[in-house]
Amino acid sequence: MSPDPPPARAPRLEILPDAAAAARRGAEVVAGEARAAVRARGRFTLALSGGRTPWAMLAALAASDVPWASVQVFQVDERVAPAGDPERNLPGIEAALLSPGPLAPGQIQAMAVEDHDLEAAALRYSALLGAHAGIPPRLDLVHLGLGADGHTASLFPGDPLLAEEERDVAVTTSPAGRRRLTLTLPVLRRARRRLWIVTGAEKAAALARLARADPGIPAGLAVAAGDWILADRAAAER
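Please read these numbers as outputs of a predicted model, since none were measured by experiment.

1. Section: the overall build of the protein
And step 1. Helix and strand content of the protein: 8 helices and 10 strands.
And step 2. The C-alpha radius of gyration of the protein comes to 17 Å, within 12% of the 18 Å expected for a compact globule of 238 residues.
And step 3. For the protein, the spread of C-alpha atoms along the three principal axes comes to 60 × 40 × 35 Å.
And step 4. Every one of the 238 residues in the protein was classed for burial, and the buried ones make up 50%.
And step 5. If you take every contact in the protein between residues at least 6 apart in sequence, the share linking residues at least 24 apart comes to 73%.

As structure tokens, then:
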């Protein structure tokens, strides 16, 4: 007997053998979405999160068939730290996609976490999103990760930003006390599609909640029908 189809509003969950396979499949999804967006609208706006598996995805993406001249890349979130700090997400994005990668510097829009006035930096980044993705900004694809606690972007359980309805970019603080800039739920939900990459056995319980769009975790407030969720077997086994 064939399995029951997923509920109409469920995201698409695809289980891959391991993290490397999830990264390769993620690159295929991003490249396909890029080609479709450029055919339809003449441009592709992509927001990227950080993490080890995403860096492997970006390495594969850099060698993929993508209309790179029409791509603009944004950050989903960033830690407040000096330029080049290894805990920041920007160095990983730049290492994969800038020289000798396929993008020019002006095609990667960095969050200005080195600015003294972070609130002003958040406002400027929101305006930058609007300049490239419309007002209100509607990104073509947002790549998101998932924490074992159910967080995504820099939106953690109990964060007052989970109730944010107006701002697209905001300053927040992680449970470890690190200040960050992050995209908020309104702009994440407004995106045409979201790509989730979830790897590791420690993510299994959170993945199950994400797959059913559980509003009790931050990620469950952002996921929507039509989203791609790519998980390795370790994360999918409970």
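After that view of the structure, there is still more to cover.
2. A look at the confidence of the model for the protein
Predicted coordinates in regions of low pLDDT should not be interpreted in detail.
And step 1. Confidence in the prediction for the protein averages 94 pLDDT; 96% of positions are at 70 or higher.
And step 2. Below pLDDT 50 for its whole length, residues 1–8 participates in 1 contact with residues either more than four positions away or in separate chains.

3. Considering the sheet that holds strand β8 (residues 179–183)
And step 1. Pairing in this open sheet of 3 strands is antiparallel, and the strands run β4-β8-β7 from one edge to the other. Among the strands making up the open sheet, the edge pair consists of β4 (77–79) and β7 (169–173). Within this sheet the neighbouring strands show an average axis-to-axis angle of 20 degrees, counted without direction.
And step 2. Along the sheet face, helix α4 (residues 118–133) touches β7 and β8 and points at about 145 degrees away from the line of β7.

4. Notes on the nonpolar core
And step 1. L139, L183 and L210 are the most contacted members of the largest nonpolar core, which has 39 residues in total.
And step 2. Sorting elements by how many residues they give to this core places α4 first, with 6 residues.
And step 3. Those residues in contact with L210 that lie beyond four places of it in its chain are P11, L146, W196, V198, I217, A219, G220, V223 and I229.
And step 4. Ranked by size, the runner-up nonpolar core spans 33 residues in total, among them L48, M57, L97 and I197.

5. With respect to the side chain of D159
And step 1. Inspection of the secondary structure assignment puts D159 in the loop between β6 (141–144) and β7.
And step 2. Notably, D159 is buried but unbridged: the nearest opposite-charge side chain belongs to R167, and the N-O separation is 7.8 Å.
And step 3. At a separation of 2.7 Å, a polar atom in the side chain of D159 contacts the side chain of T172.
And step 4. Residue contacts for D159: discarding those within four places in its chain leaves S154 and T172.

What counts and how
- Residues numbered from 1 in each chain as written.
- Predicted model: local features only at pLDDT ≥ 70, side-chain atom pairs only at ≥ 80, totals over all residues.
- Heavy atoms only, no water.
- Helix = DSSP H or I, 4+ residues; strand = E, 2+ residues; numbered from the N terminus.
- Rg over C-alpha atoms; globule rule 2.2 N^0.38 Å.
- Buried < 20%, exposed > 50% of the residue type's maximum accessible area, 1.4 Å probe, protein only.
- Contact = heavy atoms within 4.5 Å.
- pLDDT = per-residue confidence, 0-100.
- Pairing = 2+ DSSP bridges.
- Axes fitted to C-alpha atoms, helices over the stretch in contact; angles between N-to-C directions.
- Core = buried A, V, L, I, M, F, W, Y, C linked by side-chain atoms within 4.5 Å.
- Lys, Arg positive; Asp, Glu negative; His and termini not counted.
- Salt bridge = Lys/Arg side-chain N within 4 Å of Asp/Glu carboxyl O.
- Polar contact = N/O pair within 3.5 Å; in protein donor to acceptor, adjacent residues only side chain to side chain.

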